[in-house]
Structures are given as C-alpha cells and as structure tokens.
Amino acid sequence: MISESGIIRHTHLLEKERIVVTDGIFRDTWVEIDLNAIEYNIKRMRETLPQDTNIIAVIKADAYGHGSVPVARTALQSGAKMLAVALLEEALVLREAGIDAPILVFGWVAPEATQIAAEAAITLTFYQKEWLQEVNKLTFNKKLNLHMKWDTGMGRVGIRTENELKQVLDELNCNPSIYLTGVYTHFASADDTDLSYFNEQRARFEKLLTEFKRLWPHPIDVHIGNSAASLRLPKEMYDYIRFGISMYGLYPSKAVKQEENIALRPAFSMHSKLIHVKRVPAGESISYGGTYQTTTDEWIGTIPIGYGDGWLRKLQGFSILIDGKPQQIVGRICMDQTMIRLDKDYPVGTKVTLIGKQDHAVIEMDDVADYLDTINYEIPCTINKRIPRIYKGSL
Ligand SMILES: *Cc1c(COP(=O)(O)O)cnc(C)c1O
C-alpha cells in the first residue's frame, strides 16, 4: 500500500507531520487518516469492556470511507479480534491484502457464493430457512461458518419468532460442513436519548436467546451492540461489540456525544490548497448561475474540490479554515472547484482545511453533517475515492 518512491508534489508540505504518501498523487486535495486515533479509540473502548468481551472492527463501505485495509491492520494491532463488512466483495479485498483474521459479512450473500466464502474462511450471516436449504445442497472443501441474525425490532433482516428459529435450527443439522458460530441482533435506536425501544429490543433478544440455548446447547458467540450500545452499556455486550463509527472517533448521535463516555479522537481530516487568488471589485458574479455577487472589493480564492469528489453542492455557504480562521464558500460549488471569500490576500499554495483542525480552530465532521442535515456517518462515505487517503501514524 505504502511506497516511498515516486514523485509527490506535496511531500514538502506534509513531511513535517511525518506523513507517508502513496505514489501517483498529483492533486492538491487529500484526506488524512490518523491511524493513531483509531488505535486510541479502540484501546479506550477496550478499557471499558469486561475482559471476555472482544471487539469486532466494523469496516464496511471501505471503513466508512477511511480505507479498509489500513484500518483493518490498525484495528487488529490495537486489539480487535474480528473484522466485519457488509459484502462478500469487501471481505475478499481483505483476504487479498493478506489479512487472515476472522471476518464476518453482515449482508446477504447468494447461496451460490457460499463456497467462495468457505474457501476464504469468511463467516456469513443468514436468517432464512430457504437459504440454508440451498446451501445444504452444496459440498464444501472447507467448513462454512455462519452467524444467525435476529430481528428484534430493527425491521430490516433477521429471524423474528421462536417458530422461525426452530425451523432454521432443524435445517442446520443437515450438512456436516456448516457450523453455527454466532448469533446476533442490531439496535434501531441505541443512540436515542429515550432508551425505551432499545430496552424492548434487548428484552426480545433475551427471550429468543433463552429459547435458542434450550434448543442448541453448543457454544457460540453472541453480539448485540453497535458503538452507541457499547459506549453506553459496555458491561452488557456479551462476547463481542461491533465497533463502527466510534472507532473512527465520531459519536453515533448528539445524545451519546453529550454523555462523553469516552473522549474519542477523530481519524479523518480533509485538506486542500488555494490554487488561485484574485481581487474582485464589487458587483461581480462568482460561479454558475451568479448566485453570489461581491458587495465590495473582495479577495476570492479557488480550491480544487467539488461535488465530483462528494463535496456536495449543498455546502455552498459553509465555512472552511484558512490561516486558522473560518472563511465562507461563495457561489455554486462546481464539479471540481469551489470558491472561497478570503479575509485577505493569501499566496497560492496556502493550506485549506475542510474537515479537521487548523491551529486552534476545528471543523468537525458533525458540523458538515449538521449543515447538510444528515448524520456524520454519511460524510466520509460520500467523500469519494477521487480524493486520495493519506495515512499518518504507526501501522
Ligand atoms: C454498521 C453496523 C454496525 C456498526 O454500527 P456503528 O453505529 O457504526 O457502531 C454494527 N452492526 C451492524 C449489523 C452494522 O450494520
């Protein structure tokens, strides 16, 4: 992944911060991923968990846009015992990178693809009798590990009743290559101020678990908690927590953020550079549609990022940091470029921070999410691969 050869134009800018950069990056906009922050968040979480509750690092969607392979390696070195992704493809990427830790796939995988999963020692999720019947017809060279998903109120996927549970367990005894190694559920509102629905889900889960243990007296792993549940009730998370958003240093909601169970460190920051600066007289239009007109003589800067990078058009009017000060985006955001009203003249090449810290100022992922009327999860997932991820810290 990391190479020290090649021509890197912004090495001079980054070398003070000991950043190792990948080959072939020529653009002046980049995301920095602080792997030390990921390590820190995992270790702080680890300290609050009982000894026998382990961590599954959730790295679906390319580790929430942070890059799945470096995050996986960091998470495993920091104490995570398992990885989880949404797709079989995402699991195979990790195997191809030489990662041999246990991997759980949360999403539905077609029965025809289960032999590939078994071959790569990838654990799959299931919740349908019909799916098991199809898989039971196949022969496996290596064993296939499965976790069973229970729908206790999320309303998405999973077994809902004791009757369904019984039917599925009957089907599980049919193929000697297939092993049930875990059961789990997922909470719909563990991040709410009001935890009554969360507690209802927990009660349903416990009822199903009691019935399950009666019918299936074999040891299996049990896991229920996402970041929100794990931060709030670390002692009640059974064998594993599924640590996603907070591993990246973000809180699952305002309610959880206020509780400050753990002081998390964000791993993701995004930066660019001024590529053009000009003095514009009053009454001039900036960008498509002339939605912004200068009201006086103004300094206008241009940065090379736009909606083609996932820096959405709706961010017009949002402020980013230059010289440690907030400076406003003016005019429509273009596909590749964005204009900023500057408080003074700055040289071309001046660093711009769109997400993260600059001097004492900070733009949090939550600020971007609030401006876009969405949740922080969506932001790093939306900032696409056109913006290179540069890794900082030990790996
Ligand atoms: C994404 C996901 C998680 C992680 O949730 P966070 O809120 O990011 O911690 C856990 N479990 C399942 C099933 C998921 O899909």
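Scroll up to find the structure this text is about.
Keep in mind it's a predicted model, so treat the numbers as computed, not measured. (Residues numbered from 1 in each chain as written. Predicted model: local features only at pLDDT ≥ 70, side-chain atom pairs only at ≥ 80, totals over all residues. Heavy atoms only, no water.)

Colleague: Where do I start with the overall build of the protein in this structure?
Modeller: When its secondary structure is counted, the protein shows 13 helices and 21 strands. Expressed as lengths along the three principal axes of its C-alpha atoms, the size of the protein is roughly 80 × 50 × 40 Å. Looking at the protein as a whole, 53% of its 395 residues qualify as buried. Contacts spanning at least 24 positions in sequence make up 65% of the contacts within the protein whose residues lie at least 6 apart. Accessible area for the protein stands at about 17,700 Å²; split by element, carbon and sulfur atoms hold 51% of it. Between the averaged position of the 45 positive side-chain charges in the protein and that of its 50 negative side-chain charges there is a distance of 1 Å. (Helix = DSSP H or I, 4+ residues; strand = E, 2+ residues; numbered from the N terminus. Buried < 20%, exposed > 50% of the residue type's maximum accessible area, 1.4 Å probe, protein only. Contact = heavy atoms within 4.5 Å. Areas by Shrake-Rupley, 256 points an atom, 1.4 Å probe, with all protein chains shown as cover. Lys, Arg positive; Asp, Glu negative; His and termini not counted. Charge placed at Lys NZ, Arg CZ, Asp CG, Glu CD.)

Colleague: It is not clear to me how the site of the ligand should be interpreted in this structure. Could you clarify?
Modeller: Close contacts around the ligand come from Val 58, Lys 60, Tyr 64, Phe 106, Arg 156, His 186, Asn 226, Ser 227, Arg 242, Gly 244, Ile 245 and Tyr 377, and that covers them all. Measuring from a nitrogen atom of the ligand, one finds a side-chain N or O atom of Arg 242 at 2.7 Å. Contacts to the ligand include Ile 245, whose backbone N or O atom sits 2.8 Å from an oxygen atom. For the ligand, the protein covers 94% of the area, taking 390 Å² as the surface of the free molecule. A per-class count over the shell around the ligand returns five nonpolar, four polar and three charged. (Near = heavy atom within 4 Å. Polar contact = N/O pair within 3.5 Å; in protein donor to acceptor, adjacent residues only side chain to side chain. Nonpolar A, V, L, I, M, F, W, Y, C, P; charged D, E, K, R; others polar.)

Colleague: Is there a simple way to explain helix α2 (residues 35-48) in this structure?
Modeller: In an α-helix, one turn spans 3.6 residues, which is why side chains three or four residues apart end up on the same side. Look at α2: 21 Å from first C-alpha to last across 14 residues, which is about the 20 Å you get at 1.5 Å a residue. Structurally, the start of α2 carries an N-cap: the backbone nitrogen of Asn 36 is 3.0 Å from a side-chain oxygen of Asp 34. (Expected span 1.5 Å × (residues − 1).)

Colleague: Help me understand the packing of helix α8 (residues 162-172) against helix α9 (residues 196-215) in this model?
Modeller: Two numbers describe a pair of packed helices, the interaxial angle and the distance between the axes. The geometry of α8 relative to α9 is characterised by a closest axis approach of 10 Å and an angle of 30 degrees between their N-to-C directions. Taken together, α8 and α9 sit at an angle that is classed as roughly parallel. Of the two elements, α8 crosses α9, and the hand of that crossing is right-handed. Contact with α8, carried on its side by Glu 162, Leu 165, Lys 166 and Leu 169, involves Lys 207, Leu 208, Glu 211, Phe 212 and Leu 215 of α9 and no other residues of that element. Split by residue class, the contact of α8 with α9 holds five nonpolar, no polar and four charged. (Axes fitted to C-alpha atoms, helices over the stretch in contact; angles between N-to-C directions. Parallel < 35°, antiparallel > 145°, perpendicular 65-115°, else oblique. Left-handed = near helix turned anticlockwise from the far one by under 90°.)

Colleague: When you look at the nonpolar core in this model, what are you seeing that I'm missing?
Modeller: Judged by nonpolar contacts, the single largest core of 116 residues is most densely connected at Met 148, Phe 212 and Trp 311. Both domains that furnish three or more residues to this core are identified here as domain 1 (35-259) and domain 2 (268-363). Sequence-distant contacts of Phe 212, defined by excluding residues within four places in its chain, comprise Met 148, Trp 150, Leu 165, Leu 169, Leu 180, Val 183 and Ile 220. (Core = buried A, V, L, I, M, F, W, Y, C linked by side-chain atoms within 4.5 Å. Domains from an automatic or database assignment.)

Colleague: Help me out: how do you make sense of the sheet that holds strand β7 (residues 144-150) in this one?
Modeller: As a general point, the strands of a sheet are linked pairwise by backbone hydrogen bonds and lie either parallel or antiparallel. Spatially, β3-β4-β5-β6-β7-β8-β9-β10 is the arrangement adopted by the eight strands of the closed barrel, whose pairing is parallel. Each adjacent strand pair in this sheet contributes to an overall mean axis angle of 30 degrees, direction not counted. Two elements, strand β8 (residues 178-185) and strand β9 (residues 221-225), share three bridges in a ladder whose sense is parallel. Opposite Val 183, over in β9, you have Val 222 as the bridge partner. Packing against the sheet, α8 makes contact with β6 (122-126), β7 and β8, and its axis sits at approximately 175 degrees to β7. (Pairing = 2+ DSSP bridges.)

Colleague: Any chance you could explain the packing of aromatic side chains here in plain terms?
Modeller: We describe a pair of aromatic rings using the distance from one ring centre to the other and the angle between the two ring planes. Throughout the structure, instances matching the rule amount to 10 aromatic pairs. Consider the rings of Phe 126 and Trp 131, whose centres lie 5.9 Å apart with planes at 20 degrees: the pair is stacked. Through pairs of rings, three or more aromatic residues link up here, namely Trp 150, Phe 205, Phe 212 and Tyr 238. Over the ring of Tyr 179 we find Lys 143, and its NZ or CZ is 5.0 Å from the ring centre. (Phe/Tyr/Trp six-rings, centres within 6.5 Å; stacked < 30°, edge-to-face > 60°. Lys NZ or Arg CZ within 6 Å of the ring centre and 35° of its normal.)

Colleague: When you look at the sheet that holds strand β18 (residues 338-342) in this model, what are you seeing that I'm missing?
Modeller: Pairing in this open sheet of three strands is antiparallel, and the strands run β12-β15-β18 from one edge to the other. In this open sheet, the two edge strands, each paired with only one partner strand, are β12 (276-280) and β18. Pairs of neighbouring strands in the sheet enclose a mean axial angle of 30 degrees, with direction left out of account. Taken together, the five bridges between strand β15 (residues 298-303) and β18 define a ladder with antiparallel strand orientation. Looking across to β18, one finds that Gly 301 is bridged to Ile 340.

Colleague: I keep staring at helix α5 (residues 88-96) and nothing clicks. Help me out?
Modeller: Here α5 has its buried residues at Leu 88, Glu 90, Ala 91, Leu 94 and Arg 95. For α5, the buried positions fall inside an angular range of 160 degrees around the axis, keeping them on one side. Of the exposed residues in α5, the ones pointing more than 90 degrees away from its buried face are Glu 89 and Glu 96. Where α5 is buried, its residues contact α3 (60-64), α4 (68-77), β4 (82-85), β5 (103-105), α6 (114-119) and β6. Looking one or two residues beyond α5, the residue adopting positive phi is Gly 98, at roughly 90 degrees. (Arc of directions from axis to C-beta.)

This is a description of form; function is not addressed.
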